[in-house]
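Listed below, chain by chain, are the residues.
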Amino acid sequence: MKKVVIIGSGCAGWTAALYTARANLKPLVLMGAQPGGLLTTTSIVENFPGFPEGIDGCELMTRMQQQAVRFGAETSYGLVEKVDFSKCPFNLTVDGEPVKAETVIIATGAGHKHLHVPGETKLETKGVTYCATCDGALPIFRNKPLVVVGGGDSACEEALYLTRFGSEVFLVHRRDSLRASRIMAERVHAHKTIKPVWDSVVTEVLGVDKDTVTGVRLKNTKTGAECVLNCAGVFVAIGHSPNTHIFKGQIEMDAQGYVMRKEGSQTSVPGVFVAGDCSDHVYRQAITAAGMGCAAAIDVERFLAAKNE
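## Description of the packing of aromatic side chains
- For the structure on display, the rule yields six aromatic pairs.
- Consider the rings of Phe48 and Phe51, whose centres lie 6.4 Å apart with planes at 45°: the pair is tilted.
- Classification of Phe51 by relative accessible area gives partly exposed; the value is 22%.
- Through a chain of ring-to-ring contacts, the aromatic side chains of Phe85, Phe90 and Phe247 assemble into a single cluster.
- When the ring centre of Phe71 is taken as reference, the NZ or CZ atom of Arg22 above it lies at 5.1 Å.

Below, the structure written as structure tokens:
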């Protein structure tokens, strides 16, 4: 029986582990298929407080893990295959083995939706990125033409943010108008640096032979005509998918699959808490995930204390 099981090992998971470990709750962190979460796919993190020179995403996650382990957190590379939140203690199936927990913190994060075109995977962190706020200020993008793919609020926000760094920002969208909110669309249209590319999809990211992005191949959705657009970076902003499929039917989620929060970090099941990007479709930043992990840990500590009174 574990007092606390934390599912996920990104900023939210490790922060929750640190706080619950310091509270002597001996948490078990199930690190899952991608230990360290999405941050490990970022070459350098420049906006996490305390690292003025920036820090490699993998190194930041490793340091968080070491800090949590120092205070007594237990770790496992186990993958959670199934959960049963119908009664306490909660039952988890991890790599085919049962694990029982008094409380659970869900910190499984979210994954970026990908284009699934040639060159995208090979050039990830080499010009292909999924977060302008995380990577836009990197030297490889400064004063260079950049491409943002998408047509919603996120894509507009990415494009507007990148105008601070890129010489031109091409906003590639499969339709002939943005599906973003009116105010965001107006800001994009009013900005001279942003150049919409309508009725177009990216069919290939170019530059694999040079090990860095050199451009994209575009296809017009109406005429089928193809062209090459030179650029130094491709920012994919077509949405996120929360990693919550195993919790379907167990806790309340919204239509997109994000875990719904009740009071604080509490979910619809007492004793099950949530933190990080699997419950946040607004901010999706490392520091906000860490803050949510802290909140979930404090809520767990108070929940267990009240239960044992």
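Let us keep going from here.
## A word on the state of the cysteines
- Tallied over the full model, the rule gives one disulfide.
- Disulfide partner of Cys131: Cys134, at an S-S distance of 2.3 Å. The S-S bond linking Cys131 to Cys134 shows a torsion near 70°; that makes this disulfide right-handed. For the pair Cys131 and Cys134, one class covers both residues: buried.
- Left without a disulfide partner, Cys278 is nearest to the cysteine sulfur of Cys11, which lies 13 Å away.
- You can see Cys294 has no disulfide; the closest cysteine sulfur is in Cys11, sitting 13 Å from it.
- The class for Cys294 is buried, based on a relative accessible area of 18%.

## Let's talk about the sheet that holds strand E14 (residues 226-230)
- Read across the sheet, three strands follow the order E12-E13-E14 without closing on themselves; strand pairing throughout is antiparallel. Two strands close off the open sheet at either side, each with one partner strand: strand E12 (200-206) and E14. The average angle at which neighbouring strand axes cross in this sheet is 30°, direction not considered.

## A few points about the pattern of salt bridges
- If you walk through the whole model with that rule in mind, you get eleven salt bridges.
- Notably, a salt bridge pairs Glu74 with Lys2, separated by 2.9 Å at the nearest N-O pair. One end of the pair, Glu74, is in strand E3 (residues 74-76); the other, Lys2, is in strand E1 (residues 2-7), and 72 residues separate them in sequence.
- Judged by relative accessible area, Glu74 falls into the partly exposed class, the value being 36%.
- Classification of Lys2 as partly exposed rests on a relative accessible area of 26%.
- Put simply, Lys262 and Glu252 hold a salt bridge, and the shortest N to O gap is 2.8 Å. On the criterion of sequence distance, the pair formed by Lys262 in the loop between strand E16 (240-242) and strand E17 (272-274) and Glu252 in the loop between E16 and E17 is long-range, its members being ten residues apart.
- Residue class for Glu252 comes out partly exposed when judged on its relative accessible area of 34%.
- Salt bridges here are not isolated pairs; linked through shared partners, they connect Lys3, Glu102 and Lys307.

## Some remarks on the packing of helix H1 (residues 11-22) against helix H6 (residues 286-307)
- Close contact between H1 and H6 brings their axes to 7 Å; oriented N to C, the two are set at 35°. In the packing of H1 onto H6, the handedness of the crossing is right-handed. Residues Cys11, Ala12, Thr15, Ala16, Tyr19 and Thr20 of H1 form the contact with H6, whose participating residues are Ala286, Ala289, Ala290, Gly293, Cys294, Ala297 and Ile298.

Procedures and definitions
Starting from 1, residues in each chain are numbered consecutively following that chain's sequence as written. Two thresholds apply to this predicted model, a pLDDT of at least 70 for residue-level local features and 80 or more for giving and counting side-chain atom pairs, whereas whole-chain, interface and lining totals are computed over all residues. The basis for every side-chain value is the complete set of heavy atoms in the structure, and neither hydrogens nor water enter the calculation. Within 6.5 Å between ring centres, the rings of Phe, Tyr and Trp (the latter by its six-membered ring) count as paired, and their orientation is classed by plane angle as stacked under 30 degrees, edge-to-face over 60, tilted in between. Burial classes: relative accessible area under 20% of the type maximum marks a residue as buried, over 50% as exposed, and values in between as partly exposed (1.4 Å probe, protein chains only). Two conditions define a charge located above a ring, namely a distance within 6 Å from the ring centre to NZ of Lys or CZ of Arg, and an angle within 35 degrees of the ring normal. For this text, the term disulfide refers to a pair of cysteine sulfurs within 2.5 Å. If DSSP finds at least two bridges between two strands, the strands pair. Put simply, DSSP H or I for four residues or longer makes a helix, DSSP E for two residues or longer makes a strand, and each gets a number counted from the N terminus. To obtain each axis, a line is fitted to C-alpha atoms, and for helices this fit is confined to the stretch in contact; angles are then taken between N-to-C directions over 0 to 180 degrees. For this analysis, a salt bridge means a side-chain nitrogen from Lys or Arg found within 4 Å of a carboxyl oxygen belonging to Asp or Glu. What makes a crossing left-handed is the near helix being turned counterclockwise from the far one by less than a right angle; a clockwise turn instead makes it right-handed. Any two residues whose heavy atoms approach within 4.5 Å at even a single point are treated as in contact.

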